[in-house]
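So you can see what is in the structure, the chains are spelled out below.
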Amino acid sequence: MTAVFSHGRLRLYLLKLLDDGPRHGYELIRLLEDRFLGLYAPSAGTIYPRLQRLEVEGLVTHTAAGGRKVYEITEAGRAELRRRADELATLESDITASVQDLSALAGEIRTEVRGSVRDLKRELREAARQARWERPPPPGPAPAAGSPLLAEFDQRLAAFTVEVGGLVRAGRLSDNQLRTAIRVLDGALDGLRRLLR
């Protein structure tokens, strides 16, 4: 995302959004998040300093409304947009390409997470089936710390954690996607709890 908005291009895009009408900072953040299909949203710490700089340069003004600053483009800001129309067209094209790339990456991550969850559910079902058909072990101590089966379990759990963590971190997921991933993990944990009752 930084490549799309490098070298003052975010400032230019903010002017473009304000050319459509007055907005407060959080509306601009939501518009950008919508433009990127929820896969990217700039922080307030990214947007507000740029708005202040645009105001210092006379390209926008603000009024206070309901405890919020509402920003509006000035004639100088519109002139800047006209002067940089070619750059804005290139930026729009770059954003479209970036959104397509992010969407493809998000799709790949969703597919991999679904596959991992599907595999985990299948393994849990198989373990539950075996537990139902096998005779329960005689009462006694838990498997020894050096048990091969316990070692295999620890190894698989660690590999699962590393792989899922890597997939999530590499994808720069939105808050909604992270919430979904958390629900999937909670579901898997509930399944294990039921299995071990």
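Residues numbered from 1 in each chain as written. Predicted model: local features only at pLDDT ≥ 70, side-chain atom pairs only at ≥ 80, totals over all residues. Heavy atoms only, no water.

K.L.:
If you had to explain the overall build of the chain to someone new, which residues and values would you point to?
P.N.:
The helix and strand inventory of the chain stands at seven helices and three strands. The N-to-C order of helical and strand elements in the chain reads α-β-α-α-β-β-α-α-α-α. Within the chain, the fraction of its 197 residues that count as buried is 29%. Put simply, of all contacts in the chain between residues at least 6 apart along the chain, 63% involve residues at least 24 apart. If you sum the accessible surface of the chain, you get close to 13,200 Å²; carbon and sulfur atoms cover 56% of it. (Helix = DSSP H or I, 4+ residues; strand = E, 2+ residues; numbered from the N terminus. Buried < 20%, exposed > 50% of the residue type's maximum accessible area, 1.4 Å probe, protein only. Contact = heavy atoms within 4.5 Å. Areas by Shrake-Rupley, 256 points an atom, 1.4 Å probe, with all protein chains shown as cover.)

K.L.:
Describe the sheet that holds strand β2 (residues 60–65), and please don't skip the residues or the numbers.
P.N.:
Here three strands make up an open sheet; going across it, the order is β1-β3-β2 and the pairing antiparallel. For this open sheet the edge positions go to β1 (23–24) and β2, each flanked by a neighbour on one side alone. Lying over the sheet, helix α3 (residues 44–56) contacts β2 and β3 (68–73), oriented at roughly 115 degrees with respect to β2. (Pairing = 2+ DSSP bridges. Axes fitted to C-alpha atoms, helices over the stretch in contact; angles between N-to-C directions.)

K.L.:
Explain the pattern of salt bridges to me, using residue names and the numbers behind them.
P.N.:
Tallied over the entire structure, the rule returns 11 salt bridges. Note that Lys-16 and Glu-92 form a salt bridge whose closest N and O atoms lie 3.7 Å from each other. Residue Lys-16 is located in helix α1 (residues 9–19), and its partner Glu-92 is located in helix α5 (residues 85–133); the two are separated by 76 residues in the primary sequence. The exposure class assigned to Lys-16 is partly exposed, which follows from its relative accessible area of 22%. (Salt bridge = Lys/Arg side-chain N within 4 Å of Asp/Glu carboxyl O.)

K.L.:
Explain helix α7 (residues 175–195) residue by residue, including any values.
P.N.:
With 21 residues, α7 should cover 30 Å at 1.5 Å per step; its first-to-last C-alpha distance of 30 Å lies within 8% of that length. Regarding α7, the residues found buried are Gln-177, Ala-181, Ala-188 and Gly-191. Axial view of α7: buried residues confined to an arc of 75 degrees, hence all on one face. More than 90 degrees from the buried face of α7, the exposed residues found are Asp-175, Asn-176, Arg-183 and Arg-194. (Expected span 1.5 Å × (residues − 1). Arc of directions from axis to C-beta.)

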